[in-house]
Amino acid sequence: MKKVGASFALLVALVAVVALLQPAPTIADRLRPKGYKQTVQKLQKFYVEFEAEVSREFRRWKHEGVMSPRFREIIASSRIGTHERAPELRELPTAREGAFCGICRGFGGSVLELRRGGASREEMYNTTVELCTLLNVQEEHICRGLIELNIDPLLYIVDNRPQLSSGSLCAVVFQSDACILDDPVFSDWAVDIDPNGTPVTASKSGTPQRGPNDLKIVQLTDLHYDPNYRTGYNADCGAPACCRESQGIPEDPAAAAGHWGDYRACDTPWNAVEDLIDRVVEDHSDADFVYHTGDIIDHGIWETSIGYNVRSIAQVIDKLREAFPDTPVYNILGNHEAHPTNVYALGDIGRNDFSTNWLYHLSADLWSHWLPRATAQTIRLGGYYTALVRPGFRVVALNNNDCYTFNWWILYQPDALVTQLQWLHDVLLQAERAGEKVHILAHLPISSDCFSVWQREYRRILERFRDTVSGQFHGHTHKDEFNVFYGAEQPEFAVGVAWNGGSGTAHTNVNPNYVVYYVNPETYEVTDFESYAYNLTEANLTPDERPDWFRMYSFPEEFGVSDLSPAGMDELIQRLATPIGREDLRRYWEFKVKLADASLANGCSDTCLLNHLCEIVTNESGDDRKCQELSDMFE
């Protein structure tokens with residue numbers, strides 16, 4: 001009884017410390033609450049104690065074959081809420097950072113110990129499936145699918161990285177200040193930066209307004225085509241992807257999937273993919289270029305295969321080739337294109353069955369319709385490339401899915417991330433010397449789910465080549481948003497802007513959209529940003545009619561900014577942080593969720609608005625200086 005009481009006390013204490021991370025009512029999740037650092041230091045001790053407690057009970061379970069009441073108590077106290085399954089980790093509240101890190105450390109440490117004690121693949125599979133189910137990570141059949149797809153690369157990494165600790169593993173995956181990464185293997189690498197750059201002494205200014213000769217660029221992103229989508233099937237299934245044939249027709253008609261998509265955790269039916277692309281062709285036939293920034297594959301992450309992914313990718317690219325035979329389309333990969341999802345091989349693995357080459361070779365072949373032949377070399381190497389669009393203007397297309405914190409191969413050889421970043425640096429250096437301006441395409445926004453050391457190095461590159469990089473274009477979040485980059489050592493100065501194209505999918509609680517940019521033909525800076533969408537509720541009321549697309553807004557018109565340069569956007573951000581800009585900030589959030597009925601019904605409090613404002617200026621995990629500055633202005 002004494003030991004049971006000690007276990008319970010430990011859990012109560014852990015919960016109490018975690019509760020200290022709960023932000024005050026006016027503080028955003030991006031902003032760390034008062035005393036956060038001290039609380040995090042206390043958490044480190046609890047993690048060690050909790051991990052030791054779980055380890056003792058875990059070993060006893062494996063030895064005796066039966067879970068003790070104490071172990072079941074620990075599991076019950078660690079179960080995550082069903083509502084916490086769907087959000088990206090970045091969307092979970094600060095108050096849960098410590099809890100998730102503790103759960104990972106406790107149970108992850110025991111699983112590592114089990115393998116290093118000689119457990120077979122079968123035992124590892126059965127154990128992790130049981131824990132996944134008991135901890136409510138997903139339903140059992142999804143746990144089985146996810147673990148079956150991911151277990152072999154994970155075991156390879158564990159077997160070949162004997163120094164990998166549960167602390168480092170959890171710190172990489174959860175990437176919050178509550179989960180400290182103190183292993184220099186993960187951080188002691190850097191890009192070799194050309195030393196001839198100039199110091200940052202002012203925010204970067206730019207082209208003041210849209211002109212009659214501006215180039216027109218359309219961005220499509222995150223189509224998430226689901227070949228298993230069926231109108232009328234269950235949209236409220238609790239899985240990462242619903243509205244699918246295997247999930248049946250629900251008893252409640254309100255849970256039935258709509259014809260054009262669904263606000264719940266559902267991806268895009270083919271009729272909606274076709275309509276979006278056809279609308280772009282019909283309404284923007286004068287587009288000079290198209291940026292397609294990844295995530296063709298759906299969210300059925302527990303049952304992908306190479307063949308399945310190839311079929312969906314080829315179907316969408318064939319549609320784009322049919323729609324834009326003579327208009328250059330610059331494609332990049334999303335994290336969902338890989339199999340398993342998110343897993344892009346890094347470093348010298350020596351196992352062909354873990355290679356991502358199948359995807360790189362497929363991409364080189366499918367994208368070749370629009371690209372110079374020379375791009376095939378780096379696409380086949382790593383899924384990235386550069387192309388001279390016209391004299392003086394270059395596109396750099398990254399595959400930054402390698403930096404996604406759910407890419408397990410970061411745990412194996414983190415310094416292998418330097419390869420593509422060094423290539424990016426060298427391309428920008430050549431562009432600078434040639435007097436070219438550059439647009440960078442990347443699926444993951446730099447501030448969103450990218451490994452922190454990668455973020456650090458990208459910021460160094462961007463700051464060095466801020467005069468060469470005229471625009472950045474991202475996807476992944478499904479939100480119509482933007483990010484402003486600031487100097488690492490001079491955070492008062494804005495050095496770059498990145499635009500997010502939103503998503504073709506309505507997953508989750510957003511309307512489908514695409515974006516049109518107007519770009520100055522000399523500086524190649526964005527002068528206007530227009531977003532087009534349709535209301536999904538209304539579209540599903542008339543399944544026999546095509547959706548009613550409309551221009552949702554023009555950024556300069558809506559927010560009254562003189563230009564969209566880093567300096568101009570920084571001025572806007574400063575205004576949005578003051579009471580006089582509160583209604584504009586609320587309007588920004590409404591456009592961010594693309595006026596989706598499901599999101600508008602939930603609303604966004606002042607705390608919520610401050611969080612969204614902080615997301616604009618946060619570019620590196622742990623660097624909340626700009627967020628703090630805005631919070632001090634926010635009343």
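Quick look at the structure, then. What you see as residue numbers is a count from 1 along each chain, following the sequence as written. The predicted origin of the model limits local features to residues at a pLDDT of at least 70 and limits the giving and counting of side-chain atom pairs to 80 or more, whereas totals for whole chains, interfaces and linings rest on all residues. Working from all heavy atoms in the structure, the side-chain values ignore hydrogens and water.

1. Looking at the state of the cysteines
Thinking step 1. Disulfides are defined as pairs of cysteine sulfur atoms found within 2.5 Å of each other. In this structure the tally under the stated criterion is eight disulfides.
Thinking step 2. Each sulfur of the disulfide joining C104 and C170 lies 2.0 Å from the other. Between C104 and C170 the disulfide shows an S-S torsion of about -90°. By sign, it is left-handed. In this pair, C104 sits in helix α4 (residues 97-116) while C170 sits in helix α7 (residues 166-174), placing the two residues 66 residues apart along the sequence.
Thinking step 3. Paired by a disulfide, C614 and C627 hold their sulfur atoms 2.1 Å apart. The numbering of helices and of strands both runs from the N terminus, where a helix is a DSSP run of H or I of at least 4 residues and a strand a run of E of at least 2.

2. Some words on empty space enclosed by the protein
Thinking step 1. Think of a 1 Å grid over just the protein atoms. A cavity is a set of points where a 1.4 Å probe fits yet cannot get out, a pocket is an open set with protein on both sides within 12 Å along at least five of seven lines, and lining residues have an atom within 4 Å of a point. Grid points are joined across faces, edges and corners, and a volume is the space filled by probe spheres set on the points. As enumerated under the stated definition, the model contains three cavities of 30 Å³ or more in all.
Thinking step 2. One number sums up the size of the largest cavity: a volume of about 150 Å³.
Thinking step 3. Forming the boundary of the largest cavity are 16 residues, of which S470, V497, L564, S565 and P566 lie nearest the centre.
Thinking step 4. Looking at the lining of the largest cavity, the elements with two or more residues in it are β7 (469-474) and β9 (494-500).
Thinking step 5. Its residues assigned to classes, the lining of the largest cavity comprises seven nonpolar, seven polar and two charged.
Thinking step 6. Size it by volume and the second largest cavity reaches roughly 60 Å³.
Thinking step 7. Here the residues of the lining of the second largest cavity sort into three nonpolar, two polar and five charged. For this classification, the nonpolar set comprises Ala, Val, Leu, Ile, Met, Phe, Trp, Tyr, Cys and Pro, the charged set comprises Asp, Glu, Lys and Arg, and every other residue, Gly included, is treated as polar.

3. Some remarks on the packing of aromatic side chains
Thinking step 1. Two rings belonging to Phe, Tyr or Trp (six-membered ring only in the last case) form a pair when the distance between their centres is within 6.5 Å. Interplanar angles under 30 degrees mark stacking, angles over 60 mark edge-to-face geometry, and anything in between is tilted. Under the criterion given, the structure shown has 41 aromatic pairs.
Thinking step 2. Relative to F555, the ring of W499 lies with its centre 5.5 Å away and its plane at 80°, an arrangement referred to as edge-to-face. Taken together, the residues span a long stretch of sequence, with W499 in strand β9 and F555 in helix α16 (residues 555-559) at a distance of 56 residues. Like F555, W499 is buried.
Thinking step 3. Relative to F555, the ring of F529 lies with its centre 6.1 Å away and its plane at 80°, an arrangement referred to as edge-to-face. A residue pair is termed long-range when its members are at least 10 positions apart, and F529 in strand β11 (residues 526-533) and F555 in helix α16 qualify at 26 residues. Buried means the residue's accessible area, taken with a 1.4 Å probe over protein chains only, is under 20% of the maximum for its type, while exposed means over 50%, and partly exposed covers the values in between.

4. Description of the packing of α4 against α7
Thinking step 1. Each axis is a line fitted through C-alpha atoms, taken for helices only over the stretch in contact, and angles between the N-to-C directions span 0 to 180 degrees. In the contact formed by α4 and α7, the axes pass within 9 Å of each other and the chain directions differ by 135°. In terms of axis orientation, α4 runs oblique to α7. The handedness of the crossing between α4 and α7 is right-handed. Along the contact surface, α4 presents F100, C104, R105, G108, G109 and L112, while α7 presents S166, G167, L169, C170 and F174.
Thinking step 2. Here the contact of α4 with α7 is built from residues that sort into six nonpolar, four polar and one charged. In this scheme, roughly parallel covers angles under 35 degrees and roughly antiparallel covers those over 145, while 65 to 115 is roughly perpendicular and the rest are oblique. A crossing counts as left-handed when the near helix is turned anticlockwise from the far one by less than a right angle, and as right-handed when that turn is clockwise. Note on definitions: a residue-residue contact is assigned when non-hydrogen atoms from the two residues lie within 4.5 Å.

5. Concerning the layout of surface pockets
Thinking step 1. For the second largest pocket, the calculated volume is near 440 Å³.
Thinking step 2. Forming the walls of the second largest pocket are 20 residues, and the residues nearest its centre are A345, L346, G347, Y360 and L381.
Thinking step 3. Residue assignment for the lining of the second largest pocket shows that the elements contributing at least two residues are α11 (357-367), α12 (376-382) and α13 (418-434).
Thinking step 4. Of the residues that constitute the lining of the second largest pocket, the class distribution is eight nonpolar, 10 polar and two charged.

6. Section: the sheet that holds strand β1 (residues 215-220)
In sheet architecture, strand pairing relies on hydrogen bonds along the backbone and comes in two forms, parallel and antiparallel.
Thinking step 1. One open sheet holds the six strands; their spatial order is β3-β2-β1-β10-β11-β12, and the pairing between them is mixed. Each edge of the open sheet is held by one strand with a lone partner, namely β3 (329-331) and β12 (550-554). Direction aside, the axes of adjacent strands within the sheet are offset by 25° on average.
Thinking step 2. The pairing criterion for strands is at least two bridges between them, as found by DSSP. Sheet topology places β1 next to strand β10 (residues 513-519); five bridges connect them, and they run antiparallel. Paired with Q219 across the two strands is V515, which belongs to β10.

7. A word on the environment of D288
Thinking step 1. Examined against the element boundaries, D288 turns out to sit in the loop between α9 (270-283) and β2 (289-292).
Thinking step 2. The class for D288 is partly exposed, based on a relative accessible area of 29%.
Thinking step 3. With 11 residues separating them along the chain, D288 and H299 place their C-alpha atoms 31 Å apart.
Thinking step 4. Sequence-distant contacts of D288, that is, excluding residues within four places in its chain, are made with L215, K216, T327 and P328.

8. So, the sheet that holds β9
Thinking step 1. As summarised here, the arrangement of the six strands in space is β4-β5-β6-β7-β9-β8, forming an open sheet in which the pairing is mixed. Two strands lie at the open edges of the sheet, namely β4 (385-390) and β8 (482-486), each paired on one side alone. Sheet twist, expressed as the mean angle between neighbouring strand axes with direction ignored, is 25°.
Thinking step 2. In this sheet, β9 lies alongside β7 in parallel orientation, the contact comprising three bridges. The partner of F473 across the bridge, within β9, is W499.

9. Things to note about α4
Residue pairs three or four apart in sequence face the same way in an α-helix, which turns once every 3.6 residues.
Thinking step 1. Expected helix span is given by 1.5 Å per residue-to-residue step, counting one fewer step than there are residues. Counted at 1.5 Å a residue, the expected span for α4 with its 20 residues is 28 Å, and the 28 Å between its end C-alpha atoms agrees.
Thinking step 2. The buried fraction of α4 amounts to 17 of the 20 residues, a majority that puts the element mostly inside the structure.
Thinking step 3. One or two positions beyond α4, positive phi appears at G118, with a value near 105°.

Geometric values such as these leave the question of function open.
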